[in-house]
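Below are the chains, spelled out letter by letter.
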Amino acid sequence: MGNSTTRTTQFSVLDRSRTREGHPEAAALRDTVALARRVEELGYHRFWVSEHHSVPGVAGSAPTVLAAAVAAATSRIRVGTGGVMLPNHRPLVVAEQFGVLESLFPGRIDMGLGRSVGFTGGIRRALGTDKDATEDFGDRLAELLGYFTGEQTAHPQVHARPAEGLRIPAFVLATGAGARIAAAAGLALVIGDVRGRQRMLDAIDGYRQDFRPSPLWERPYVVVSGTVAMADTEAAARRLLLPEARALAHSRTHGVFPPLRPAEDGPAATAGMSDRERGFYEDALRGHVHGTEEQVADALGTLIDRSGADEVLVTTSTYDRAALTESYQRLARIAGLTAPDRRV
């Protein structure tokens, strides 16, 4: 199953280490490592982890540390970050961290970089940053890349050890402005359609038109990210989306992104919600790829054909980890994935 486009496209996984109601935060990190082992067995190309600070719903606050644990627990799959939020860190330290990762796990490390800042003013102050910190992302990115080539000029005579001389694929997690920065720097682009499919396609077109080849990427490379949920029936697949949608609606109305709760169907799913929260909940359920294997194969084929994506990064979260793993198994089947040690 799966059309020829789907079967010639790379598929990868980003796990956000979502915490679950009734489970300790540490369990979310162990779940992430366990999932990495499983998706490696299934033949996925990359496994990435995320960065969030002071968020009850996410345990992954230190992506390079977690990436090290994932890389140590696996042997073939590429491991990286989706992403390290550069406004929160000094470029020298980021270069050093990735230099250590690449030195320990040569040829398997990806450097995914983002522009986001803390969720609240208090978090931003604790991180020593502010809302405007995204404005110098291009300069920070150039400094970071310069540490790997030994050509950075922001701090003369400063060298990142053991990063200098290493070649680590770099990706920019972006929408509009970030896509332009990725093009100018000659880096790969990771983009989702959270603001609408057409806006995503327009940003991809602009990225390809403006792309300047670099030592890391000779040509544009586009990774489309998003939620993919699969089950025996369309209704069962939609059920996988409910816990994340509820958490997102809660965050939009209460200012706190909570742990995931078990899925509830029918009126129970929105019990106690205000009209405003219910609106956010319904919005959060739209735009995802979900359904049976046949339905998802068709939807992904359309997405890949329209975007020309080189790779799909799946970012699904749900309370039921067994159902999530099964969803990834189904996706591996329709994508024709094989374990890396059996690839030709």
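Just so you know, these numbers come straight off a predicted model, no measurement behind them.

Q: Could you give an account of the layout of surface pockets, naming the residues involved and the relevant values?
A: Quantified by volume, the second largest pocket comes out at close to 400 Å³. Forming the walls of the second largest pocket are 20 residues, and the residues nearest its centre are Leu145, Gly146, Thr149, Pro215 and Leu216. Mapped by element, the contributors of at least two residues to the lining of the second largest pocket are helix H6 (137-149) and helix H7 (176-185). Class assignment for the residues of the lining of the second largest pocket results in 13 nonpolar, five polar and two charged.

Q: Quick one: what's the story with empty space enclosed by the protein, residue by residue and with numbers?
A: What the rule picks out here adds up to one cavity of 30 Å³ or more. Every residue lining the largest cavity is listed: Leu242, Pro243, Arg246, Arg261, Pro262, Ala263, Glu264, Ala269 and Tyr281. Among the elements that make up the lining of the largest cavity, the one with the highest residue count is helix H9 (residues 234-254) (three residues). Residue composition of the lining of the largest cavity, by class: six nonpolar, no polar and three charged.

Q: How would you explain unusual backbone geometry if you had to name every residue and give the values?
A: Glycine aside, residues mostly have negative phi angles, and peptide bonds mostly take the trans form. In this structure, the amide linkage connecting Gly82 to the following residue, Gly83, adopts the cis form with an omega of 0 degrees. Even without being glycine, Ser17 reaches a positive phi, approximately 55 degrees. Summarising the element assignment, Ser17 is placed in the loop between strand E1 (10-15) and helix H2 (25-42). Ser17 sits in the buried class, given a relative accessible area of 1%. Although it is not a glycine, Gln157 adopts a positive phi angle of roughly 70 degrees. Mapped onto the fold, Gln157 is located in the loop between H6 and strand E6 (170-173). Taking the relative accessible area as the measure of exposure, Gln157 reaches 79% and is therefore exposed.

Basis of the calculations
- Residues numbered from 1 in each chain as written.
- Predicted model: local features only at pLDDT ≥ 70, side-chain atom pairs only at ≥ 80, totals over all residues.
- Heavy atoms only, no water.
- 1 Å grid on protein atoms, 1.4 Å probe; cavity = no way out; pocket = protein on both sides within 12 Å on 5 of 7 lines; lining within 4 Å.
- Points joined across faces, edges and corners; volume = space filled by probe spheres on them.
- Helix = DSSP H or I, 4+ residues; strand = E, 2+ residues; numbered from the N terminus.
- Nonpolar A, V, L, I, M, F, W, Y, C, P; charged D, E, K, R; others polar.
- Buried < 20%, exposed > 50% of the residue type's maximum accessible area, 1.4 Å probe, protein only.

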